[in-house]
Amino acid sequence: MSLLLFFILGLFVHFVFFVSIFDIYFTSPLVHGMTPQFTPLLPPARRLVLFVADGLRADSLYELDENGTSRAPFIRNIIMHEGSWGISHTRVPTESRPGHVALIAGFYEDVSAVAKGWKENPVEFDSLFNESKYTWSWGSPDILPMFAKGASGDHVYIHCYTAEKEDFGAQDAARLDTWVFDQVKDFFQSAKSNQSLFSKLNEDKIVLFLHLLGIDTNGHAHRPSSREYKDNIRKVDDGVKEIVSLLQDFYENDGKTAFVFTSDHGMTDWGSHGAGHASETLTPLVSWGAGIRYPQQVSTQLFDDDFLKEWQLENWKRQDVNQADIAPLMASLIGVPFPLNSVIKMTQKKEVTLSFLFTPFKLLSDSKQVEILEKAKSYLKQKKYQDMISLCKELIHLALEGLSYYHTYNRLFLGISVVMGFIGWISFATIMIIKSHSSLTRSVVKDGKKPHHLLPCSFVVIGVLIAFFLLIQACPWTYYIYCLLPVPIWYAVLQEFQVIQDLITSLLTFSGKHSVVFLLVFTLGIEILVLSFFYRYMLTAGLIAFACWPFFTQLWIQAKITSLGWTLFSLLLAVFPLLPVLGREPNITLVTGAGLLIFLISLSSFAYLWKSKSKYVCEDLPVHLCQMVGVLISTYIVNSTHSSLLQKQGLPQVNQIVSWAILASSLVVPLLGPTIVFQRLLSILLSLMSTYLLLSTGYEAFFPFVLSCLMLVWIYVEQETLQQSGVSCTQKLTSIHFAYNTDITQFRQLHLEDIRRSFFFVFFIVIAFFGTGNIASINSFDPSSVYCFLTVFSPFMMGSLMMWKILIPFVLVMCAFEAIQVTTQLSSKSLFLIVLVISDIMALHFFFLVKDYGSWLDIGTSISHYVIVMCMTIFLVLLSGLAQLLTTKKIRLWGKTKPHFM
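Heads up: these notes are all about the structure in this document. Per chain, the residues get numbers from 1 upward, laid out in the order the sequence is written. In keeping with the predicted nature of the model, local features appear solely for residues at pLDDT of at least 70, side-chain atom pairs appear and are counted solely at 80 or more, and the whole-chain, interface and lining totals rest on all residues. Think of the side-chain values as coming from all heavy atoms in the structure, minus any hydrogens and water.

**Considerations on the overall build of the chain**
Then, in step 1: Secondary structure counts use DSSP, requiring at least four H or I residues in a row for a helix and at least two E residues in a row for a strand, with both numbered from the N terminus. Of regular secondary structure, the chain possesses 35 helices and 8 strands.
Then, in step 2: Throughout, a residue-residue contact means that at least one pair of heavy atoms, one from each residue, lies within 4.5 Å. The contacts in the chain between residues at least 6 apart in sequence include a share of 80% that link residues at least 24 apart.

Structure representation (structure tokens):
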């Protein structure tokens, strides 16, 4: 198999493995088909008003300020004298769209909506608005349209401000909420002179939805502890009071209006949301008006947390709910059918499963259902209403368990298929490495016999049987890929039976003790990498071990300066995983210090090259000077932008334009210089650091610099260790070109030491990911890091910028790895194949560690770990090409073309 074909196949296989996790764990819970059920009881309210204060934390609303008074006196008065209160518990991801879907549609939307920027509906769903007679809504263009688009008919009306108003750098984000309150006032004022609108507003089953985004915007821009965030809460409270008074006057105090005040999600202390921290998942819920019970004073409560005492609400009964339960509450208040998004899944699953393979949910079997029904009738006859309520709660609990059981019915079957494919691919990749890049099986490859013709026939029969089995069960087309993919993979593995046999024979000839020690060290290294996803300090432990490594080898004896450099930068890098990633305050002074340090290093590097009298210095001079100036400009822009935002003057347009220009040029400017290893790596660092500085808010600005220094020392270390193996490698990095001669006869075969090199690379990739943040948690990234580029809310653009910030250290490591492959005289892909195997072993680990139980934070984190490793594997393939482009290609804009091959 050619190398190109192997990598295309690898990309496809890993893409399938990556997508499989969503079919196994993140399939949509919606199954359309239920018939709306109307209650015969008269609803208590004719209309419902829903206030959603986006990004409002429960404690920020309920707690008293430093003067002992409430920030929301009107809401506080409602809690004590007019309505009910509690906490609405949200689920991960704590983002605006899934939060509103849970509130208004009554279900927790699957994460496939994130692929459409939380704006479009991947699966159409029913909602409270759709079931209402009329709904009028005011607020953000990111939220309102999705409920209007999903509604049947034209009875859902939306009034949105423009997206440009959602500016984190604006003078006063509370104006977003003021706009909503003013629009509602004007709307009801116009209704007095518009008979058609007046008639609609006096219908039953109507909903008024006010989406208030100012608190969320101020939280992102200034933090929830800021004066701006807290003042915005006061303004919202005043606005709610005005709207309530307005409606009471309009409807002449008819007592038929129900009010619900809540939030879609909370916010961390550092101004982000998306994960499962309590500050994100605990949101306020206050309801009052028609159909809502008045406050109940109690002496004891059911909750064992400290919130009640902190908020001084221990004497008013607290009633907590799950966020998705607010939708049926609101539906019952105005007498509309509950939003219907599911049907009995047992019937659906039974219809498409072979009878002898179908296993029903035993806790709610047919006999159990009859038993519960008879018991319910008995309780009703005996007027044992409390027992009836308890029985209904038990039935609801069993029904939810049954829905989960049938929703995950195929999980084990799919999981086994994916694991078989994983193991097969790892085996196949290992065989390809041994067959193409080692001498262990060379004799067998030449003399080996062709596999028996029964082998392909057997696998064809297996494939046909699997396809037929899936067909009769009406499985989705993706199931065919997951289940059939292992068939050709294992066929390719078993075709190389002679290679496998020869490999086993070769391994048995090695020293038993040496093999066992090597296997134990390799296994320990893999486990440290896996544990580092859960505990970042494991990376520090690994780097400390790296720092000590030269002293136990010949490297310390032969290259003391290189060894000391390796130890120093390993220990410096080991500090970063110990630094906090959550809740850190911006420190622009550190960013400035990092920028000046990079400038001084680039200046001294240029002086060193000039002193060496390299013939490429003059050619590289304009590029080098341009990059040095770019670092200074980036440092200035960061300071200027931060100062402007503090003064609430917004993002200066000049700063924005220059920032985007630096970003756009960062991958082009390095191609203008020579392809000598040292110069090209320095050029890549300076260009990428200019962008990284613009995306930094604190100590992380030093991270790429320290990482790059260690990468440079690593290149020298591998040159020294290669010489110890008897391979001549005496050229300096200032004379070796990336654009080397690709004659395959110059490449050496893989050694056992190359596995260690590959492991180092994977470890550094993980360091690049987790060195300054935890990418398994959305809230570990500060949205203020993109403010040099934009301040207007744009999820995809902001996410893309933060993703590029993550990938910059990744690219630096990849380019250093390319240099190691050149300087150690390996083919460009041989080490990389070992890296893929190591990454796949890690991915298999995380596949088994995926959870579907426990807290939503645990579930989301376990799945994100798997997704990260799979993305890392795919990105390794793609960014390997990017690294080759950055290191080997050259664009000549001036002067004569000079040969740069060795």
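**A word on helix α24 (residues 537-548)**
Then, in step 1: Take the number of residues in a helix, subtract one, and multiply by 1.5 Å to get its expected span. Compared with the 16 Å implied by 1.5 Å per residue over 12 residues, the 17 Å span of α24 between its first and last C-alpha is a close match.
Then, in step 2: The buried label applies to any residue whose accessible area, calculated with a 1.4 Å probe on protein chains only, is under 20% of its type's maximum; exposed applies above 50%, and partly exposed to all values in between. Of the residues making up α24, those classed as buried are M538, L539, T540, G542, L543, F546 and A547.

**Description of the nonpolar core**
Then, in step 1: Of all hydrophobic cores here, the largest spans 151 residues; its most connected members are W566, F763, F764 and M842.
Then, in step 2: Here this core gets 18 residues from one element, more than from any other, and that element is helix α33 (residues 795-823).
Then, in step 3: Grouped together as the second largest cluster of nonpolar side chains are 51 residues, L61, W136, L208 and L282 included. To define a nonpolar core, start from buried Ala, Val, Leu, Ile, Met, Phe, Trp, Tyr and Cys residues and group those joined through side-chain atoms within 4.5 Å.

**Thoughts on the pattern of salt bridges**
Then, in step 1: Salt bridge criterion: a side-chain nitrogen from Lys or Arg within 4 Å of a carboxyl oxygen from Asp or Glu. If you walk through the whole model with that rule in mind, you get 18 salt bridges.
Then, in step 2: Across the salt bridge formed by E718 and R756, the nearest N and O atoms sit 2.5 Å from each other. Taken together, the positions of E718 in helix α31 (residues 703-724) and R756 in helix α32 (residues 753-770) put the pair 38 residues apart, joining distant regions of the chain. An identical accessibility class is assigned to E718 and R756; each is buried.
Then, in step 3: One salt-bridge network, held together by shared partners, links D65, R227, E228, D231, R234 and K648.

**So, the packing of helix α30 (residues 677-694) against α33**
Then, in step 1: Two elements in contact, α30 and α33, have axes separated by 10 Å at closest approach and are oriented at 175°. The orientation of α30 with respect to α33, classified from their angle, is roughly antiparallel. Counting all contacts with α30, which are made through V677, L681, I684, L685, L688, T691 and Y692, the residues of α33 involved are W804, K805, I808, P809, V811, L812, C815, A816 and A819.
Then, in step 2: In terms of residue class, the contact of α30 with α33 is made up of 14 nonpolar, 1 polar and 1 charged. Note on geometry: axes are C-alpha line fits, over the in-contact stretch for helices, and angles between N-to-C directions span 0 to 180 degrees. Here the word oblique covers every angle except those under 35 degrees (roughly parallel), over 145 (roughly antiparallel) and from 65 to 115 (roughly perpendicular). Basically, the charged four are Asp, Glu, Lys and Arg, the nonpolar ten are Ala, Val, Leu, Ile, Met, Phe, Trp, Tyr, Cys and Pro, and anything else, Gly included, counts as polar.

**Re a nonpolar patch on the surface**
Then, in step 1: A patch is a set of surface residues, each over 30% in relative accessible area and not in a salt bridge, joined within 9 Å for like charges and within 5 Å for the nonpolar side chains Val, Leu, Ile, Met, Phe, Trp and Tyr. Computed with the Shrake-Rupley method and a 1.4 Å probe, the accessible areas treat only the protein chains shown as cover for residues. Nonpolar side chains collect at one region of the surface, where L531, F534, Y535, Y537, L578 and L849 lie side by side and expose about 580 Å² of accessible area between them.
Then, in step 2: Examined against the element boundaries, L531 turns out to sit in helix α23 (residues 512-532).
Then, in step 3: When its relative accessible area of 35% is taken as the criterion, L531 is described as partly exposed.

**A look at the pairing of strand β7 (residues 282-289)**
Remark: a regular strand shows side chains that alternate across the two faces of the sheet.
Then, in step 1: Counting buried positions along β7 gives 7 out of 8 residues, so the element sits mostly inside the fold.
Then, in step 2: Strand pairing is defined by DSSP finding a minimum of two bridges between the two strands. Note: strand β2 (residues 83-89) against β7, 7 bridges, orientation antiparallel. Each residue of the ladder has a partner; that of W85, found in β7, is V286.
Then, in step 3: In terms of strand pairing, strand β6 (residues 257-262) meets β7 through 5 bridges, oriented antiparallel. Note that in β7 the partner of F261 across the bridge is V286.

**With respect to unusual backbone geometry**
Then, in step 1: Even without being a glycine, R223 presents a positive backbone phi close to 85°.
Then, in step 2: Tracing the chain through its elements places R223 in the loop between α9 (214-222) and α10 (227-250).
Then, in step 3: You will see that E252, though not glycine, has its phi angle at about 55°, which is positive.
Then, in step 4: Secondary-structure assignment places E252 in the loop between α10 and β6.

**What about the packing of α32 against α33?**
Two quantities define a packed helix pair, namely the angle between the helix axes and the distance between the axes.
Then, in step 1: The interhelical angle for the contact between α32 and α33, taken along N-to-C directions, is 160°, at an axis separation of 8 Å. Looking at the two axes, α32 sits roughly antiparallel to α33. The two elements α32 and α33 cross, and the hand of that crossing is right-handed. When α32 is examined against α33, the residues R757, F761, F764, I765, A768 and F769 are found in contact with a partner set consisting of I806, P809, F810, V813, M814 and F817. Crossings are classed by handedness, with left-handed meaning an anticlockwise turn of the near helix from the far one by less than a right angle and right-handed meaning a clockwise turn.

Interpretation in functional terms is not warranted from these geometric data alone.
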